[in-house]
Amino acid sequence: MGDTSIEWTDATWNPVAGCTILTAGCTNCYAMRMAARLDAMGLEKYKGLTRRSGGRAVWTGKIRLDAKSLDAPRTWSKPRKVFVNSMSDLFHPDVQTDYIYRVWQVMKETPRHTYQILTKRPDRMADVLLERRFETLSNVWLGTSVEDDRVLGRLDDIRRVPAIIRFVSLEPLIGSVAAGDLTGIHWAIVGGESGPRARPMKPEWVDEIEKMCRKSGTAFFFKQWGGKNKKATGRLLHDRTYDEMPAPTLSM
Ligand code: SF4
């Protein structure tokens, strides 16, 4: 946990580590590469979460709950935007609902922070959060990742989630999502894949999303073009940056 270079947040908090690849958006998972590095550096939390296969690190499927890190946000006195579980997926089937509830309680008791939770499993997120004991917290934003049109159903699932802000991360964008609909989604973050095996993102896919955002009133945040050298490709779209942020609504 700690400060981060991710453009749309201030800090990361990882009460869970480890994951399983789910769909094409996971292929070059940054967390998987990072977990292998942290394991090699001797960090116990990441031990055995990945293995080498075909010259790269892949998840073993082991999930580690790090209860010791649960209280970390309580020690941060300055309000922060906190990305929850950059090194896992809080709604992975092996994370027990009772543990998710403990994470919920920490977020409830630290209202000075704004929490951002992103999942590729919004169906489970909706099912869990519709349980009566989970309150809708005004400092928690809930989102899903969509990488191409094969997973557009995730937009329907995230619409079922009770939240003050619902968002979608279209990163890595590896195909058109023009067949989708962003109604009821407050914020869309768009980005191309970065890193040594980056897959290309076509400019027209980005334009399509901006158009969809204008139609549904969704805030549009263009994060990066990506590629092997993301600094070189930058984050300008039509000669400007798009850093729109969502405004909470009372309709949940
Ligand atoms: S769900 Fe997220 S953390 Fe898990 S493998 Fe996919 S990209 Fe990585």
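The coordinates are above.
A. Main features of the overall build of the protein. Within the protein, the secondary structure is distributed over 6 helices and 12 strands. Expected size for 252 residues packed as a compact globule is a radius of gyration near 18 Å; at 17 Å, the protein falls within 12% of this value. Expressed as a percentage of its 252 residues, the buried residues of the protein come to 53%. Within the protein, contacts between residues separated by at least 24 positions form 72% of all contacts whose residues are at least 6 apart in sequence.

B. Representation of unusual backbone geometry in the model. Cis geometry is found at the peptide bond from Glu171 to Pro172, where omega equals 0°. The topology assignment puts Pro172 in the loop between β10 (165-170) and β11 (187-191). One non-glycine residue, His238, adopts positive backbone phi at about 50°. In this fold, His238 is placed in the segment after α6 (230-233). With phi around 65°, Asp239 is a residue other than glycine that occupies positive phi space. Within the fold, Asp239 resides in the segment after α6.

C. Looking closely at the site of the ligand. Around the ligand, the neighbouring residues are Cys19, Thr20, Cys26, Cys29, Trp59, Ser88, Asp89, Lys120 and Arg121. In terms of residue class, the shell around the ligand is built from 4 nonpolar, 2 polar and 3 charged.

D. Region of interest: the nonpolar core. If you look at the biggest cluster of nonpolar residues, it comprises 54 residues, and the most contacted ones within it are Trp13, Trp104, Met107 and Ile117. Looking at this core, the element that brings in the most residues is helix α2 (residues 97-109), giving 6 residues. Beyond its immediate chain neighbours, meaning those up to four positions away, Met107 contacts Trp13, Val84, Tyr115, Ile117, Leu137, Asn139 and Val140. Of all hydrophobic cores here, the second largest spans 13 residues; its members include Cys29, Met32, Met34 and Met87.

E. View of helix α3 (residues 122-129). Taken across its 8 residues, α3 has 6 buried, putting it largely inside the fold. Looking at the buried residues of α3, the elements they touch are α2, β8 (114-119), β9 (140-145) and α4 (153-160).

F. Main features of the pattern of salt bridges. In this structure the tally under the stated criterion is 17 salt bridges. One salt bridge connects Asp89 with Arg121, and the closest N-O pair in it is separated by 2.8 Å. One end of the pair, Asp89, is in the loop between β7 (81-84) and α2; the other, Arg121, is in the loop between β8 and α3, with 32 residues separating them in the sequence. Each member of the pair, Asp89 together with Arg121, is buried. Taking the shortest distance from any N to any O, the salt bridge between Arg214 and Glu210 comes out at 3.1 Å. On the criterion of helical spacing, the pair formed by Arg214 and Glu210 is a turn pair, its members being 4 residues apart in helix α5 (residues 203-216). Owing to a relative accessible area of 42%, Arg214 belongs among the partly exposed residues under this scheme.

G. Looking closely at the packing of aromatic side chains. Under the defined criterion, the tally for this structure stands at 8 aromatic pairs. Ring plane angle 80° and centroid distance 5.6 Å describe the contact between Trp104 and Phe134, whose orientation is recorded as edge-to-face. In this pair, Trp104 sits in helix α2 while Phe134 sits in the loop between α3 and β9, placing the two residues 30 residues apart along the sequence. Since its relative accessible area comes to 3%, Trp104 is described here as buried. We classify Phe134 as buried; its relative accessible area is 6%. The interplanar angle of 90° and the centroid separation of 5.4 Å between the aromatic rings of Trp141 and Trp187 together place this pair among those described as edge-to-face. Here the residue Trp141 occupies a position in strand β9, and Trp187 occupies one in strand β11, the gap between them amounting to 46 residues. For Trp141, a relative accessible area of 11% puts it in the buried group. Residue Trp187 is classed as buried on the basis of its relative accessible area of 0%. The rings of Trp141, Phe167, Trp187 and Phe221 are connected pair by pair, giving a single aromatic cluster.

Conventions used here
- Residues numbered from 1 in each chain as written.
- Predicted model: local features only at pLDDT ≥ 70, side-chain atom pairs only at ≥ 80, totals over all residues.
- Heavy atoms only, no water.
- Helix = DSSP H or I, 4+ residues; strand = E, 2+ residues; numbered from the N terminus.
- Rg over C-alpha atoms; globule rule 2.2 N^0.38 Å.
- Buried < 20%, exposed > 50% of the residue type's maximum accessible area, 1.4 Å probe, protein only.
- Contact = heavy atoms within 4.5 Å.
- Near = heavy atom within 4 Å.
- Nonpolar A, V, L, I, M, F, W, Y, C, P; charged D, E, K, R; others polar.
- Core = buried A, V, L, I, M, F, W, Y, C linked by side-chain atoms within 4.5 Å.
- Salt bridge = Lys/Arg side-chain N within 4 Å of Asp/Glu carboxyl O.
- Phe/Tyr/Trp six-rings, centres within 6.5 Å; stacked < 30°, edge-to-face > 60°.

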